[in-house]
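Structural overview for review
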Amino acid sequence: MISREDFMFTVGYQGNTAIVDEISRRKYGKLRSIDLAKQGMFKPALCAALYSGEESDITAVLVQYNELAAKEISSIDELRKVYGVTKVPDEIEKVIKL
């Protein structure tokens with residue numbers, strides 16, 4: 001299974017391999033989802049919230065997004081679509097850090 005930090009900073013996938021931004025991972029990987037969202041880092045914030053599995057974390061990211069964004073998003077599903085992140089992938093067997 002992919003780690004929280006790797007999932008947060010995955011920039012793409014190739015089959016069962018995740019490609020991870022190592023610099024961002026090291027710098028921001030330990031932050032909570034809400035702290036990432038407050039910094040405008042919504043994709044990693046959403047990934048962290050999804051990884052936690054806590055609905056309250058995901059909702060907090062959506063609320064923070066709507067506070068900072070020019071166009072409001074009405075649902076968590078819409079936020080997931082905007083960032084192309086729907087779930088934590090369970091098929092990842094390898095991580096490449098760039």
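Just above, that's the structure.
In this report, the structure presented in the accompanying data block is examined.

Cut-off values and rules
Residues numbered from 1 in each chain as written. Predicted model: local features only at pLDDT ≥ 70, side-chain atom pairs only at ≥ 80, totals over all residues. Heavy atoms only, no water. Pairing = 2+ DSSP bridges. Helix = DSSP H or I, 4+ residues; strand = E, 2+ residues; numbered from the N terminus. Axes fitted to C-alpha atoms, helices over the stretch in contact; angles between N-to-C directions. Contact = heavy atoms within 4.5 Å. Expected span 1.5 Å × (residues − 1). Buried < 20%, exposed > 50% of the residue type's maximum accessible area, 1.4 Å probe, protein only. Arc of directions from axis to C-beta. Salt bridge = Lys/Arg side-chain N within 4 Å of Asp/Glu carboxyl O.

A look at the sheet that holds strand S3 (residues 94–97)
The strand order across the open sheet built from 3 strands is S1-S2-S3, with neighbouring strands paired in mixed fashion. The open sheet has two edge strands with one neighbour each: strand S1 (10–14) and S3. Geometrically, the sheet is characterised by an average inter-axis angle of 25° between neighbouring strands, direction not taken into account. Here S1 runs beside strand S2 (residues 17–20); their pairing, made up of 4 bridges, is antiparallel. Each bridged residue has a counterpart across the sheet, and for Gln14 the counterpart in S2 is Thr17.

Section: the side chain of Glu22
Relative to the elements of secondary structure, Glu22 occurs in helix H2 (residues 22–28). Residues in contact with Glu22, not counting those within four places in the same chain, are Lys97 and Leu98.

Points about the side chain of Gln64
Along the chain, Gln64 turns up in helix H5 (residues 55–68). For Gln64, the contacting residues outside a window of four places in its chain are Ile34, Ala37, Lys38 and Phe42.

Some words on H5
Between its first and last C-alpha, H5 extends 20 Å over 14 residues, near the 20 Å set by a 1.5 Å rise per residue. For H5, the set of buried residues is Ile58, Val61, Leu62, Gln64 and Tyr65. Down the axis, H5 shows its buried residues gathered within 165° of arc, on one side only. Residues Ser56 and Glu67 are exposed on H5 and point more than 90 degrees away from its buried face. Contacts from the buried residues of H5 go to helix H3 (33–38), helix H4 (42–52) and helix H6 (76–83).

Some details on the pattern of salt bridges
Inspection of the entire model under this criterion finds 6 salt bridges. For the salt bridge of Glu5 with Arg4, the shortest nitrogen-to-oxygen distance reads 3.8 Å. In this structure, Asp35 and Arg32 form a salt bridge, with 3.0 Å as the shortest nitrogen-oxygen distance. Relative accessible area serves as the criterion here: at 52%, Arg32 is assigned to the exposed category. Salt bridges sharing common partners tie together Arg4, Glu5 and Lys30.

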